[in-house]
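Given next are the chains, with one letter for each unit.
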Amino acid sequence: MEIGDLTLEDEFVMAPVKTGYGDADGQVTARLRDFYARRADHVGAITPEPLALDPTLRELPNQLRIDSEEAVAGLSTLTETIHDGDAAAIAHLNHPGRMANASIDGTVQQSASATPCERTGVTPERMDKSDIEAAIELFADAAARAERADFDAIELQFGHGYLVAQFLSPAVNDRDDDYGGSRRARARF
């Protein structure tokens, strides 16, 4: 199966699974590699669990991180494990926005608007233009690290209530600037 320039050996793609098998610093562990090694020869591609763009933007305390150069080496061992099973590796870049886990010290909840999260009950901070630019930079930096870690593709989550979905949703996004109002403006982020 072909997706752009990427050829998959099998048409099945394993969706992200939040295993919680990263270490306390969100780094790749042997247990995590073993988990994906057992699955890599059964699918055409694996999208490991969502990768946190910043330590303040996590859903799990030990969520895998792609927020620094130090993470690249460990993520490279993960992509190597997946590639050894003839599967492609897809990096799921995750900014949870208002769904960041408030019980993790230092976590920040930001969103398109200060609309309370139905799941967590937390009212996030409304992102200003500099916050939006910083979030875009987090995605760009993480994409560059994913490439250096030998991921074959990148997945940006536009659903499940994460930050991009929060900007897209008229139920969450009540902005009246360049990032709100019409569907086109809400999609600008």
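Read on for a plain summary of the structure. Here the structure is a predicted model, which is why all the values come from computation and not from measurement.

## Things to note about helix H2 (residues 69–84)
A rise of 1.5 Å per residue sets the reference length of H2, with its 16 residues, at 22 Å; its end C-alpha atoms lie 23 Å apart and thus fit the reference within 8%. The complete set of buried residues in H2 reads Ala71, Val72, Gly74, Leu75, Leu78, Thr79, Thr81 and Ile82. Looking at the buried residues of H2, the elements they touch are helix H1 (30–40), strand E4 (45–46), strand E5 (51–52), strand E6 (88–94) and helix H3 (129–148). Asp86 sits one or two positions beyond H2 and adopts a positive phi of about 65°.

## Some words on the pattern of salt bridges
Should the charged atoms of two oppositely charged side chains come close, the side chains can pair. Considering all chains together, one arrives at seven salt bridges under this definition. With a shortest N-O distance of 3.0 Å, Arg65 and Asp67 are connected by a salt bridge. Like Asp67, Arg65 is buried. Put simply, Asp178 and Lys129 hold a salt bridge, and the shortest N to O gap is 3.5 Å.

## Here's the deal with the pairing of E6
Counting buried positions along E6 yields seven of seven residues, so the element is predominantly enclosed. The alternating pattern of E6 places Ala88, Ile90, His92 and Asn94 on one face and Ala89, Ala91 and Leu93 on the opposite face, and all of these are buried. Taken together, the four bridges between E6 and strand E9 (residues 153–156) define a ladder with parallel strand orientation. Bridging from a neighbouring strand, Ala91 pairs with Ile154 of E9.

## Side note on empty space enclosed by the protein
A complete count under the given rule lists one cavity of 30 Å³ or more for this structure. The calculated volume of the largest cavity comes to roughly 40 Å³. Forming the walls of the largest cavity are Lys18, Glu49, Pro50, Glu59, Leu60, Gln63 and Leu64. Partitioning the lining of the largest cavity into residue classes produces three nonpolar, one polar and three charged.

## Focus: the environment of Arg184
Here Arg184 lies in helix H5 (residues 183–186). Given a relative accessible area of 73%, Arg184 falls into the exposed group. As a C-alpha pair, Arg184 and Leu168 span 16 residues in sequence and 8.9 Å in three-dimensional space.

## Examining a negative patch on the surface
Taken together, Glu9, Asp41, Glu80, Asp84, Asp86, Asp150 and Asp152 make up a surface patch of like negative charges. In this structure, Asp150 sits in the loop between H3 and E9. On the basis of relative accessible area, Asp150 is assigned to the partly exposed category, the value being 43%.

## Focus: H3
For H3, with 20 residues, the first-to-last C-alpha span of 29 Å sits near the 28 Å given by 1.5 Å per residue. In this structure, the buried residues of H3 make contact with H2, E6, strand E7 (110–111), strand E8 (125–126), E9 and helix H4 (163–168). At the exit of H3 stands Asp150, carrying a positive phi of roughly 70°.

## A short note on the side chain of Asp131
You can see Asp131 is positioned in helix H3. No salt bridge is formed by the buried Asp131; its nearest oppositely charged neighbour, Arg175, is found at 7.6 Å. For Asp131, the contacting residues outside a window of four places in its chain are Gln110, Glu125 and Arg126.

## Thoughts on the packing of aromatic side chains
According to the stated counting rule, one finds five aromatic pairs in the structure shown. Centre to centre, the rings of Phe139 and Phe189 are 6.4 Å apart; their planes meet at 70°, and the pair counts as edge-to-face. Of this pair, Phe139 sits in helix H3 while Phe189 sits in the segment after H5, and the two are 50 residues apart along the sequence. Accessibility assignment for this pair places Phe139 and Phe189 in one class, buried.

Conventions and cut-offs
Residues numbered from 1 in each chain as written. Predicted model: local features only at pLDDT ≥ 70, side-chain atom pairs only at ≥ 80, totals over all residues. Heavy atoms only, no water. Helix = DSSP H or I, 4+ residues; strand = E, 2+ residues; numbered from the N terminus. Expected span 1.5 Å × (residues − 1). Buried < 20%, exposed > 50% of the residue type's maximum accessible area, 1.4 Å probe, protein only. Contact = heavy atoms within 4.5 Å. Salt bridge = Lys/Arg side-chain N within 4 Å of Asp/Glu carboxyl O. Pairing = 2+ DSSP bridges. 1 Å grid on protein atoms, 1.4 Å probe; cavity = no way out; pocket = protein on both sides within 12 Å on 5 of 7 lines; lining within 4 Å. Points joined across faces, edges and corners; volume = space filled by probe spheres on them. Nonpolar A, V, L, I, M, F, W, Y, C, P; charged D, E, K, R; others polar. Patch = residues over 30% accessible without salt bridge, like charges linked within 9 Å, V, L, I, M, F, W, Y side chains within 5 Å. Areas by Shrake-Rupley, 256 points an atom, 1.4 Å probe, with all protein chains shown as cover. Lys, Arg positive; Asp, Glu negative; His and termini not counted. Charge placed at Lys NZ, Arg CZ, Asp CG, Glu CD. Phe/Tyr/Trp six-rings, centres within 6.5 Å; stacked < 30°, edge-to-face > 60°.

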